[in-house]
Structure formats: structure tokens, C-alpha cells
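Summary of the model geometry
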Amino acid sequence: MTDEAVLTATRLWLEKAVIGLNLCPFAKAVYVKNQVRLVVSHARHADDLLEELDKELDLLVATPSEEVDTTLLIHPTLFDDFLDFNDFLEIAEGVVDEHELEGVIQLASFHPQFQFDGTEPDDISNYSNRAPFAILHLLREESVERAVEAFPEAEAIFEENIKTLEQLGHSGWKKLGL
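Residues numbered from 1 in each chain as written. Predicted model: local features only at pLDDT ≥ 70, side-chain atom pairs only at ≥ 80, totals over all residues. Heavy atoms only, no water.

Spatial strand order, E1-E2-E4-E3: four strands in an open sheet with mixed pairing. Because the sheet does not close on itself, it has two edges, and the strands there are strand E1 (36-40) and strand E3 (105-110). Direction aside, the axes of adjacent strands within the sheet are offset by 20° on average. Where E3 lies against strand E4 (residues 134-140), six bridges are found, and the strand directions are antiparallel. Pairing of isoleucine 105 across the sheet is with arginine 140, part of E4. Contacts from helix H1 (residues 3-19) reach E1, strand E2 (70-75), E3 and E4, with the element oriented near 140° to E1. Running at roughly 75° to E4, helix H5 (residues 141-150) makes contact with E3 and E4 of the sheet. (Pairing = 2+ DSSP bridges. Helix = DSSP H or I, 4+ residues; strand = E, 2+ residues; numbered from the N terminus. Axes fitted to C-alpha atoms, helices over the stretch in contact; angles between N-to-C directions. Contact = heavy atoms within 4.5 Å.)

Here you go:
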């Protein structure tokens, strides 16, 4: 799969699911301002991806938020298995800590087989974090805090997402073409 195909599929997911379904009410503002950096990884091993994560953390911190507010580090082939990806996330969090960026950058994750603890694999609630590829989302804490201040009931987002996805159902998700 070419980088362009990966980027096209990721943008489609962002536009139709994340923004289109309003799964993240903060995403549209930075996306339309072109402040979302999309990076396709070609890492062959988890260690290589950790090195790329190092570079992306450094770049994000060194770049004004007006230019790059958030980064999606996309890996289309390395983590076919969600549990392997989930284990990798603990190591990735350690990289954030090694950079002394706790409280500055937070990681979110997306995966084609994402599954919340305590759910069944096909529960529609899992689709709030399902993406076409394994993705590490690097978010600036200050941007998250600003967005939460502007959104009166940020803690209700997850519950609203579940309601949206339940109303949409699996057939509605399929109609999105994702």
C-alpha cells in the first residue's frame, strides 16, 4: 500500500467518523486549519517505531501549535494484532516519560481491532477508537485543556459517542465506507 493510499484512508476516517460523527468535538478545528500532522511509518520493528516516536515528540514540542497542533503517527502494517499494539502502547508511554513530557504530551491510540476492556470484539462502542490502521495520536496537553474548557461537558463525550454509535449500528458504520 502506498503512503498516499494510507493517508487517503486516514483522512477519510477522520472526515467521516471522527469529525463527521463528532466522535471528537475538538478535531474539526485543528483539521480544517491544517494543524494535524499525518506521518506514515515504514518501521520494520517496534524499536524502529519507537525511534520515529522519539522524532515526532521532538518535532511536536519544537513546533508552534499554530503550525502543528497534533500528530498522527500511522503504521499500516506493523501491528495486525490489537493485543500486540496494546502492549506496545505501554512502551510508547515510557518514551513520553523519557522525554520528560508527562503533562505536556499525551498519547491516544486507534487500531482496526480496537477493543475496550470488558467489551466483546464486535461491540459497536469499540468503533469510537477503530481506525483503518494502527495509529499513535500525539496530543498537546495544553490544547486538550483549552478544548475541554471550551466544551462544557467534556466528560460526557464518551457516553455521547456510545449513543451515536449505537444509533448508527454496524450497518451504518459500513455505509460510511470505512
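The next point concerns the pairing of E1. Counting buried positions along E1 gives four out of five residues, so the element sits mostly inside the fold. Inspection of the sheet shows E1 paired to E2 by five bridges, in the parallel sense. Pairing of valine 39 across the sheet is with leucine 73, part of E2. (Buried < 20%, exposed > 50% of the residue type's maximum accessible area, 1.4 Å probe, protein only.)

This paragraph deals with the confidence of the model for the protein chain. Per-residue confidence for the protein chain gives a mean pLDDT of 93, with 99% of residues at or over 70. Mean pLDDT values for the elements of the protein chain range from 83 in H5 up to 98 in E1. (pLDDT = per-residue confidence, 0-100.)

Looking now at the nonpolar core. Among the nonpolar cores identified, the biggest contains 26 residues, and Trp13 and Ile74 are the most heavily contacted of them. Mapped by element, the contributors of at least two residues to this core are H1, helix H2 (27-32), E1, E2 and helix H6 (157-175). Looking at which element gives the most residues to this core, the answer is H1, with seven residues. Setting aside chain neighbours within four positions, we find isoleucine 74 in contact with Val6, Leu7, Thr10, Leu38, Val39, Val40, Ser41, Phe133, Ala134 and Ile135. Among the nonpolar cores identified, the runner-up in size contains 24 residues, and Leu57, Phe79, Val95 and Leu107 belong to it. (Core = buried A, V, L, I, M, F, W, Y, C linked by side-chain atoms within 4.5 Å.)

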